[in-house]
Amino acid sequence: MRIDILTLFPDMCNAVLNESIIGRARKAGKVEINCIDIRDYTLDKHRRVDDKPYGGGMGMVMAPQPIYDCFQSLCNESGDKPHLIYLTPQGKTLTQERVKELSRLEHIALLCGHYEGIDERVIEELQPEEISVGDYVLTGGELPALILADSVSRMLPGVLSDDECFEEESHFNSLLEYPQYTHPAEWNGREVPEVLLSGHHANVEKWRREKSLERTLKRRPDMLEKAELTKKDREFLSNIEKD
């Protein structure tokens, strides 16, 4: 899979993407991620990419020409038209289900806005999918783009050591993940649940499933509407609600 990030701060993005699991995946060729500097495509001799908003107001707005030319150059270079996503608080909230869908695409491009946003005309021209990572405002689209690139990349074959690494995580199956423990078995008077020390795999799996259901019910009950629940799951949840 190829992911291109269109940004004014490529060094900022690369600093994150070169580290940890995603950094190793890039080096191993499991995913191709490029950070493209929008500023390289401005026609302004001073390399300006923004200007004051028409109608007045605070801040600056990114101009349409550098963004448009940057994307067109990417299309010409790659020989295809990547699925373009604009990271904006006005977009639909990112979900694990959408992450799974995006991970099946061959090529996506992530457009990072900055300042007060980007000129509406380039949005109308390019018709990107608009995605938000939450109901709050950041100084730019770089952090949301990194979140999206990370969440999509780790779904790709070979990026993680085993599919179970993400299949049991929070949100993957519309449930929150069960509690995790490591050594030592006792810390500050708190002990690891005995079932996890038993070596009985069936009992461990049962405990994990029940804790996942319990945690989701208490913290994110809205998620249960989309979860695939068995009859035993529903009986367990019903008993919790009665207590």
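For the structure given in this document, a descriptive report is provided here.

Calculation criteria
Residues numbered from 1 in each chain as written. Predicted model: local features only at pLDDT ≥ 70, side-chain atom pairs only at ≥ 80, totals over all residues. Heavy atoms only, no water. Helix = DSSP H or I, 4+ residues; strand = E, 2+ residues; numbered from the N terminus. Rg over C-alpha atoms; globule rule 2.2 N^0.38 Å. Buried < 20%, exposed > 50% of the residue type's maximum accessible area, 1.4 Å probe, protein only. Contact = heavy atoms within 4.5 Å. Areas by Shrake-Rupley, 256 points an atom, 1.4 Å probe, with all protein chains shown as cover. Core = buried A, V, L, I, M, F, W, Y, C linked by side-chain atoms within 4.5 Å. Pairing = 2+ DSSP bridges. Right-handed = clockwise from strand over helix to strand, strands pointing away. Lys, Arg positive; Asp, Glu negative; His and termini not counted. Salt bridge = Lys/Arg side-chain N within 4 Å of Asp/Glu carboxyl O. Polar contact = N/O pair within 3.5 Å; in protein donor to acceptor, adjacent residues only side chain to side chain. Phe/Tyr/Trp six-rings, centres within 6.5 Å; stacked < 30°, edge-to-face > 60°. Patch = residues over 30% accessible without salt bridge, like charges linked within 9 Å, V, L, I, M, F, W, Y side chains within 5 Å.

## A word on the overall build of the protein chain
In step 1: Across its full length, the protein chain holds 10 helices and nine strands.
In step 2: For 243 residues, the compact-globule estimate of 2.2 N^0.38 gives 18 Å, and the protein chain exceeds it by more than 25% at 22 Å.
In step 3: Structurally, the protein chain occupies a C-alpha span of about 70 × 40 × 35 Å along its principal axes.
In step 4: Across the 243 residues in the protein chain, those meeting the buried criterion constitute 41%.
In step 5: Considering only contacts within the protein chain whose residues lie at least 6 apart along the sequence, 73% involve residues at least 24 apart.
In step 6: With an accessible surface of roughly 14900 Å², the protein chain has 47% of that area assigned to carbon and sulfur atoms.

## Some thoughts on the environment of Val195
In step 1: Relative to the helices and strands, Val195 is located in helix H8 (residues 194–197).
In step 2: When the C-alpha positions of Val195 and Glu97 are compared, they lie 32 Å apart, and in sequence the two are 98 residues distant.
In step 3: The contacts of Val195, once residues within four sequence positions are left out, are Asn203, Val204 and Trp207.

## A word on the nonpolar core
In step 1: In terms of nonpolar packing, the biggest core is built from 26 residues, with Ile3, Ile5, Leu17, Leu110 and Leu148 touching the most fellow members.
In step 2: Top element by residues in this core is helix H6 (residues 142–153). It accounts for five residues.
In step 3: Leu8, Cys70, Phe71 and Ile123 belong to the second-largest nonpolar core, a separate cluster that totals 19 residues.

## Digging into the pairing of strand S6 (residues 107–112)
In step 1: Most of S6 sits out of view: six of its six residues are buried.
In step 2: Here S6 shows two buried faces, one formed by His107, Ala109 and Leu111 and the other by Ile108, Leu110 and Cys112.
In step 3: One ladder, built from five bridges, connects strand S5 (residues 83–93) with S6; its direction is parallel. The residue bridging Tyr86 from the neighbouring strand is Leu111, located in S6.
In step 4: Crossover S5 to S6 through helix H4 (residues 96–102) is right-handed.

## As for unusual backbone geometry
In step 1: A cis amide bond links His183 with the next residue in sequence, Pro184, at an omega value of 5°.
In step 2: Along the chain, the position of Pro184 falls in the loop between helix H7 (164–167) and strand S8 (186–187).
In step 3: One non-glycine residue, Arg47, adopts positive backbone phi at about 60°.
In step 4: Looking at the secondary structure, you find Arg47 in the loop between strand S2 (32–37) and strand S3 (50–51).
In step 5: Arg47 sits in the partly exposed class, given a relative accessible area of 37%.
In step 6: One non-glycine residue, Tyr115, adopts positive backbone phi at about 60°.

## Quick word on the side chain of Asp37
In step 1: When you line up the elements, Asp37 lands in strand S2.
In step 2: Among buried Asp, Glu, Lys and Arg side chains, Asp37 stands out as unpaired, with Arg47 the closest opposite charge at 4.0 Å.
In step 3: A polar contact of 2.9 Å, which involves the side chain of Asp37, links it to the backbone nitrogen of Arg39.
In step 4: Filtering out sequence-adjacent residues up to four positions away, Asp37 remains in contact with Thr7, Leu8, Pro10 and Arg47.

## Focus: the packing of aromatic side chains
In step 1: For the structure shown, the criterion picks out one aromatic pair.
In step 2: Seen from their ring centres, Tyr181 and Trp207 are 6.5 Å apart, and the 50° between their planes marks the pair as tilted. Of this pair, Tyr181 sits in the loop between H7 and S8 while Trp207 sits in helix H9 (residues 201–219), and the two are 26 residues apart along the sequence.
In step 3: You can call Tyr181 partly exposed: its relative accessible area is 42%.
In step 4: The buried category is assigned to Trp207, whose relative accessible area is 14%.

## Here we look at a nonpolar patch on the surface
In step 1: On the surface, Phe9, Met12, Tyr136, Leu138 and Leu143 cluster together into a nonpolar patch covering about 440 Å² of accessible area.
In step 2: The residue Met12 is located in helix H1 (residues 10–17) in this model.

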